[in-house]
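Below are the chains, spelled out letter by letter.
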Amino acid sequence: MIAYLKGIVHDKSPEQVIVDVRDVGYMLEISNQTYDQLPSTGDEVELLVYHHVTDNDQRLFGFANQNEKDLFELLITVKGVGPKLGLTILSGLPAQEITGAIVQEDKSALSKIKGIGKKTAQRMILELKDKISEMVDATYTPDGSTAISSNVKEEAVSALQSLGFKKRDAEESIELAAKGEDFDGDVQQLVKKALSQMDK
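Residues numbered from 1 in each chain as written. Predicted model: local features only at pLDDT ≥ 70, side-chain atom pairs only at ≥ 80, totals over all residues. Heavy atoms only, no water.

Asker: Talk me through the overall build of the chain; I want residue IDs and the actual numbers.
Answerer: Counting its secondary structure elements, the chain contains 9 helices and 5 strands. Classification of the 200 residues of the chain by burial places 40% in the buried group. Across the chain, the fraction of contacts at a sequence separation of at least 24, relative to all contacts at a separation of at least 6, is 54%. When the accessible surface of the chain is summed, it comes to about 10700 Å², and 46% of that surface belongs to carbon and sulfur atoms. (Helix = DSSP H or I, 4+ residues; strand = E, 2+ residues; numbered from the N terminus. Buried < 20%, exposed > 50% of the residue type's maximum accessible area, 1.4 Å probe, protein only. Contact = heavy atoms within 4.5 Å. Areas by Shrake-Rupley, 256 points an atom, 1.4 Å probe, with all protein chains shown as cover.)

Right, dumping it as structure tokens:
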């Protein structure tokens, strides 16, 4: 299995990129998020790869960062959401809006994405809401402090980044969630409040 590719951008479009790795061209399907982060043609790039293998086909999907790849792998666990639709979802909304819509059970926001109907949006919410919560709960636990420390905020920011948020957006969301509150060192509670404020 291919974990990542490092080479020269031979050609690119919003849907795919061809990476020249020692005179072998690899075609990777990508989202708009990854396309926006690609360097110019002729420059070096390193992309994480999801290698999709079926009985009749093999396809490579490329990602500019681990957060996007993690969210993609979470999306394709939903019944009826394959890799191609997973990329469409990532291209349709910023990662933080996708996770925020799932946590808030906002079917209308998800349904605005091309190819996502209300039934698929409902399945995404039902099948991913708990998984997103478990990702936060399993990785970030209370540290026992009695006030919101910088360490708690940093852990909360990291938790949001693991869900696909950009660092700057995560920091702003956590700062807003922490105002006027005492979470007693509870990173989970702080993260969940930040998520609940999304799209308000």
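Asker: Tell me about the pairing of strand β4 (residues 44-53), and please be specific about residues and values.
Answerer: Examined bridge by bridge, strand β1 (residues 4-12) and β4 share 5 bridges and lie antiparallel to one another. From the neighbouring strand, Tyr4 faces β4, where its bridge partner is Leu48. Note: β4 against strand β5 (residues 58-63), 6 bridges, orientation antiparallel. Along β5, the bridge assignment pairs Tyr50 with Phe61. Hairpin geometry of β4 and β5 is characterised by an intervening segment of 4 residues between the two adjacent antiparallel strands. (Pairing = 2+ DSSP bridges.)

Asker: Go over the nonpolar core with me, naming the residues and quoting the values.
Answerer: Phe72, Leu75, Ile89, Leu90, Ile98, Met124 and Leu160 are the most contacted members of the largest nonpolar core, which totals 45 residues. Those residues in contact with Ile98 that sit more than four places away from it in its chain are Leu71, Leu75, Ile89, Leu90, Leu93 and Leu110. (Core = buried A, V, L, I, M, F, W, Y, C linked by side-chain atoms within 4.5 Å.)

Asker: Talk me through helix α4 (residues 95-103); I want residue IDs and the actual numbers.
Answerer: Of all 9 residues making up α4, 8 are buried, and the element is well covered by its neighbours. Note on α4: the residue one or two positions beyond its end, Glu105, has a positive phi of about 55°.

Asker: Run through the environment of Gln122, naming residues and quoting values.
Answerer: With respect to the helices and strands, the residue Gln122 is situated in helix α6 (residues 118-139). Separated by 20 residues in sequence, Gln122 and Ile102 place their C-alpha atoms 9.0 Å apart.

Asker: Account for the pattern of salt bridges, with residues named and values stated.
Answerer: Taken as a whole and assessed by the stated rule, the structure comprises 4 salt bridges. One salt bridge in this structure joins Glu29 and Lys84, with 3.2 Å as the shortest N-O distance. Of the two residues, Glu29 is situated in strand β3 (residues 24-29) and Lys84 in helix α3 (residues 83-92); the sequence distance between them amounts to 55 residues. On the accessibility criterion, Glu29 (11% relative accessible area) is buried. (Salt bridge = Lys/Arg side-chain N within 4 Å of Asp/Glu carboxyl O.)

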